[in-house]
Amino acid sequence: MRKTALLIFYPLALLCLLACAAEPEYSSWYCRFSYNNQIHNDATLATALDGASRGVFCLITESTRAGVKYLHFQNSDGLTSQKPESAEESQANFVLGLNNGIIVGFQTLNTDGMNGGFVGYDVQCPNCVRRENNTISPNYRVTMAGTGIATCSKCGRKYDMNNGGILLNGEEGDTGLEKYVAATTGPFGLVSVFRR
């Protein structure tokens, strides 16, 4: 009788552990961006790629004017710039998160790990996206402050970009910012952000 109970208990316990597993660390939303700042020398982007200036983040978006693609950079201190994409970059067809926007930078907390605290976030509020069930054309952008806090323009939720994008206010079941795999070789080097 005892063996039968154990044979039933162990598979059920394993099933419970698998069902209660923590949410994935990285987003399932699609993202593909690789940029060589050694070629472009963009000072705004460089501020967020410098490990010595932790807590500075850069929003990256893309636009097209007169058939030319441009990358726009805005850091959390208000500095802005834009650069035309090279022919190779245009052909690469960057996918900047869920709706044309990613944020990169070195966080001040959680600096351990392979990238030394370098992070990439989606610019959309994940809680509004899920609540509205809108992954096709979401427009729930977060805005950055120099303090490293990102605030949703729709619901007012606040996220700490210096601490893994955790949610600072909200309701039970809400999540932090969507994170992407991100790496950089330095201020005037390579930066890559992508979905795992």
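Calculation rules
Residues numbered from 1 in each chain as written. Predicted model: local features only at pLDDT ≥ 70, side-chain atom pairs only at ≥ 80, totals over all residues. Heavy atoms only, no water. Helix = DSSP H or I, 4+ residues; strand = E, 2+ residues; numbered from the N terminus. Buried < 20%, exposed > 50% of the residue type's maximum accessible area, 1.4 Å probe, protein only. Contact = heavy atoms within 4.5 Å. Areas by Shrake-Rupley, 256 points an atom, 1.4 Å probe, with all protein chains shown as cover. Salt bridge = Lys/Arg side-chain N within 4 Å of Asp/Glu carboxyl O. Phe/Tyr/Trp six-rings, centres within 6.5 Å; stacked < 30°, edge-to-face > 60°. Lys NZ or Arg CZ within 6 Å of the ring centre and 35° of its normal. Core = buried A, V, L, I, M, F, W, Y, C linked by side-chain atoms within 4.5 Å.

This next bit is on the overall build of the protein chain. Secondary structure summary: the protein chain contains five helices and 12 strands in total. Of all 196 residues assigned to the protein chain, the portion counted as buried reaches 42%. Considering only contacts within the protein chain whose residues lie at least 6 apart along the sequence, 57% involve residues at least 24 apart. Of the roughly 10600 Å² of accessible surface on the protein chain, a fraction of 56% belongs to carbon and sulfur atoms.

This paragraph deals with the pattern of salt bridges. Under the definition given, this model contains five salt bridges. A salt bridge links R131 to E132; the shortest N-O distance between them is 3.7 Å. Under the relative-accessibility criterion, R131 is labelled partly exposed at 44%. Look at E132 and you get partly exposed, because its relative accessible area is 38%. In this structure, D174 engages R157 in a salt bridge whose closest nitrogen and oxygen atoms are separated by 2.7 Å. A residue pair is termed long-range when its members are at least 10 positions apart, and D174 in the loop between β10 (166-167) and β11 (179-184) and R157 in the loop between β8 (149-152) and β9 (158-160) qualify at 17 residues. Sharing partners across several salt bridges, the network here consists of R131, E132 and K154.

This paragraph deals with the packing of aromatic side chains. Scanning the entire structure with this criterion turns up four aromatic pairs. Between F33 and F94 the ring centres are 4.9 Å apart and the planes differ by 65°, which places this aromatic pair in the edge-to-face class. Taken together, the positions of F33 in strand β1 (residues 32-36) and F94 in the loop between α4 (87-92) and β5 (102-106) put the pair 61 residues apart, joining distant regions of the chain. Judged by its relative accessible area of 10%, F94 falls in the buried class. Their ring planes at 55° and their centres at 5.6 Å tell us that Y35 and F73 sit as a pair that is tilted. Of the two residues, Y35 is situated in strand β1 and F73 in strand β3 (residues 68-75); the sequence distance between them amounts to 38 residues. The same class applies to Y35 as to F73, namely buried. Feature note: the residues F33, Y35, F73 and F94 constitute an aromatic cluster, connected by ring pairs. Residue placement shows R65 over the ring face of Y70; its charged tip is 4.1 Å from the ring centre.

Where a protein is soluble and globular, its nonpolar side chains tend to be buried together. Counting 39 residues, the largest nonpolar core has F33, L45, I60, I103, V104, V142 and V193 as its most contacted members. Apart from residues no more than four positions distant in its own chain, I60 is found in contact with F33, L45, L71, H72, F73, L96, N100, G101, I102 and V104.

All we've got here are geometric facts, nothing functional implied.
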